[in-house]
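What follows is the residue order along each chain.
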Amino acid sequence: MYSKVWLLCLALAFGGQLLKAENVWIDTDPALGSPFREVDDGYALLLALHSPELHILGISTTYGNAPLARTTVVANTIATRFSSDTAPIRVYPGASSPRSSGHPTAASTAFAEAIRKHGHCTYIALGPLTNLASFFALNPEAVAHIDRIIFVGGQSTPGRIAIGPRKRFRLHDANVWKDPIAAEMVLRAGRPIILTPIESAAALTITVSDWHRLRGEVSGGDYLYRNSRFWLWFWTRLCGFDGGPVFDALAVTRIAAPDLVVTERRFAVVDAERRLMVHRERVRGGIEVQFCVRFQAGAKDFLVRRLAQGKGSVPPPHSRGR
């Protein structure tokens, strides 16, 4: 009798450990609804809100895809409308430009309080790293409490990053380019870093059929549909892609479903041209990072299914790994 009870307790404890959500803080620059802007942060935020593997401590906003005032409005709209009614997620405005670095903001204050309350967390950076660099400067004693940093940035080849059909479309590494000094500070802060670069994330796309599948979903799919029409037209009709790349969603996928994202050990350095270059072999001044090289075939289905989840419904947790 006692042995059965003991085994049951062990099973419950082990199962609870598997299902325990990971504390995360999300730093983002969403621009859904703004013309001529990338909208992938909105997709990434909704994916995070629909992922029970994540316990979101808060959301900070930054400049990037749009000015700070706009990114804060969009993040507030998504958090208010599509997070759980029982656990609304607060949004805190942060840096308005690289010149904000080192100055206290609502974001830096709130993140410091979250660290004090919860002890440890993972930081998901979907925009320029100004907010995180500021936090490090203002709270050096709290740096060790960040378990790891997931950053949408880094590149393995010099020059602009070639993506798309026949690699003819070229982009700069925007999150680094907008504040390379912050990228350098974060890289050298001594915390584990996982880079999900646009060169690897570009193939994770929302196609026209995916887009129509989301239309009318109470989960937020209709919100995404209505606010990303021009974005999808641009990538499919003008650039010749099969869909719009949701670069930032790969960073969230790396936490929610790590088995779907393949990373390798690399060495990163901010070079003389202020690019975050990633090398296979150790280089002078290089910092060891994990670099996403590709994602598994199931990542696309995972993304669309999670985006289509209804508000208040809880999708089954994905298998966890580090």
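Below, the structure is looked at part by part. Just so it is clear, the structure is predicted and the values come from calculations on it, not from any experiment.

Right, let's talk about the overall build of the protein for a bit. The helix and strand tally for the protein stands at 13 helices and 13 strands. Looking at the protein as a whole, 53% of its 322 residues qualify as buried. Long-range contacts, defined here as pairs at least 24 residues apart, represent 77% of the contacts in the protein between residues at least 6 apart. Carbon and sulfur atoms make up 57% of the accessible area of the protein, which amounts to about 14,600 Å² in all.

With respect to topology, 9 strands assemble into an open sheet ordered β3-β2-β1-β4-β5-β8-β13-β11-β12, the strand pairing being mixed. Two strands in the sheet have a free side with no partner beyond their single neighbour: β3 (91–93) and β12 (276–279). Each adjacent strand pair in this sheet contributes to an overall mean axis angle of 30°, direction not counted. Relative to strand β8 (residues 193–195), strand β5 (residues 146–151) runs parallel, the two being bridged by 3 bridges. If you follow Phe-151 over to β8, its bridge partner there is Leu-195.

When we look at burial in helix α13 (residues 298–307), the residues that qualify are Ala-299, Phe-302, Leu-303, Val-304, Arg-306 and Leu-307. Contact partners of the buried residues in α13: α2 (40–49), β9 (205–207), α9 (208–214), α10 (221–227), α12 (249–256) and β13 (287–295).

Burial within β5 is extensive, with 5 of its 6 residues counted as buried. Where strand β4 (residues 121–125) lies against β5, 5 bridges are found, and the strand directions are parallel. If you follow Ala-125 over to β5, its bridge partner there is Phe-151. As a crossover connection, the stretch from β4 through helix α5 (residues 130–138) into β5 is right-handed.

Scanning the model with the defined rule gives 12 salt bridges in all. Glu-22 serves as the salt-bridge partner of Arg-148, at 3.0 Å between the closest nitrogen and oxygen. Separated by 126 residues along the polypeptide, Arg-148 in strand β5 and Glu-22 in strand β1 (residues 22–28) bring together distant segments of the chain. With respect to burial, Arg-148 and Glu-22 carry one shared label: buried. With its nearest N and O atoms 3.0 Å apart, the salt bridge here joins Glu-53 to Arg-306. In this pair, Glu-53 sits in the loop between α2 and β2 (54–61) while Arg-306 sits in helix α13, placing the two residues 253 residues apart along the sequence. Residues joined by salt bridges that share partners form a network here, namely Glu-264, Arg-266 and Arg-280.

The subject of this paragraph is unusual backbone geometry. A positive phi is found at Arg-166, a non-glycine position, where the angle reads about 55°. Examined against the element boundaries, Arg-166 turns out to sit in the loop between β6 (161–163) and β7 (169–171). The class for Arg-166 is exposed, based on a relative accessible area of 64%. Phi at Arg-274 is positive, roughly 60°, even though this residue is not glycine. With respect to the element layout, Arg-274 can be found in the loop between β11 (261–270) and β12. With relative accessibility at 48%, the residue Arg-274 sits in the partly exposed group.

With that settled, the discussion passes to the packing of aromatic side chains. For any pair of aromatic rings, the description consists of the separation of the ring centres together with the inter-plane angle of the planes. Summed over all chains, the structure comprises 15 aromatic pairs. Aromatic side chains Trp-25 and Phe-111 sit 5.1 Å apart centroid to centroid with 50° between the ring planes, which places their arrangement in the tilted category. On the criterion of sequence distance, the pair formed by Trp-25 in strand β1 and Phe-111 in helix α4 (residues 106–118) is long-range, its members being 86 residues apart. The residues Trp-25 and Phe-111 share a single accessibility class, namely buried.

Here we come to the packing of α2 against α13. One way to put it is that α2 packs onto α13 with a least axis distance of 9 Å and a crossing angle of 75°. It follows that α2 is roughly perpendicular to α13 by the angle criterion. Together, Tyr-43, Leu-46 and Leu-47 of α2 and Phe-302, Leu-303, Arg-306 and Leu-307 of α13 make up the contact between the two elements. For the contact of α2 with α13, a count of residues per class yields 6 nonpolar, no polar and 1 charged.

Here we take up the side chain of Ser-83. Among the structural elements, Ser-83 can be located in the loop between α3 (68–82) and β3. One polar contact links the side chain of Ser-83 to the main-chain carbonyl oxygen of Ala-79, over a distance of 2.4 Å.

Remark: a regular strand shows side chains that alternate across the two faces of the sheet. For β4, a buried count of 5 out of 5 residues is recorded, marking the element as mostly surrounded by other parts of the structure. Every second residue of β4 is oriented toward a common face, with Cys-121, Tyr-123 and Ala-125 on one face and Thr-122 and Ile-124 on the other, all of them buried. Two strands pair when backbone bridges link them, and β1 and β4 are joined in this way by 4 bridges, in the parallel orientation. By the bridge assignment for β4, Asp-27 is matched with Ala-125.

What counts, and at which threshold
- Residues numbered from 1 in each chain as written.
- Predicted model: local features only at pLDDT ≥ 70, side-chain atom pairs only at ≥ 80, totals over all residues.
- Heavy atoms only, no water.
- Helix = DSSP H or I, 4+ residues; strand = E, 2+ residues; numbered from the N terminus.
- Buried < 20%, exposed > 50% of the residue type's maximum accessible area, 1.4 Å probe, protein only.
- Contact = heavy atoms within 4.5 Å.
- Areas by Shrake-Rupley, 256 points an atom, 1.4 Å probe, with all protein chains shown as cover.
- Pairing = 2+ DSSP bridges.
- Axes fitted to C-alpha atoms, helices over the stretch in contact; angles between N-to-C directions.
- Right-handed = clockwise from strand over helix to strand, strands pointing away.
- Salt bridge = Lys/Arg side-chain N within 4 Å of Asp/Glu carboxyl O.
- Phe/Tyr/Trp six-rings, centres within 6.5 Å; stacked < 30°, edge-to-face > 60°.
- Parallel < 35°, antiparallel > 145°, perpendicular 65-115°, else oblique.
- Nonpolar A, V, L, I, M, F, W, Y, C, P; charged D, E, K, R; others polar.
- Polar contact = N/O pair within 3.5 Å; in protein donor to acceptor, adjacent residues only side chain to side chain.

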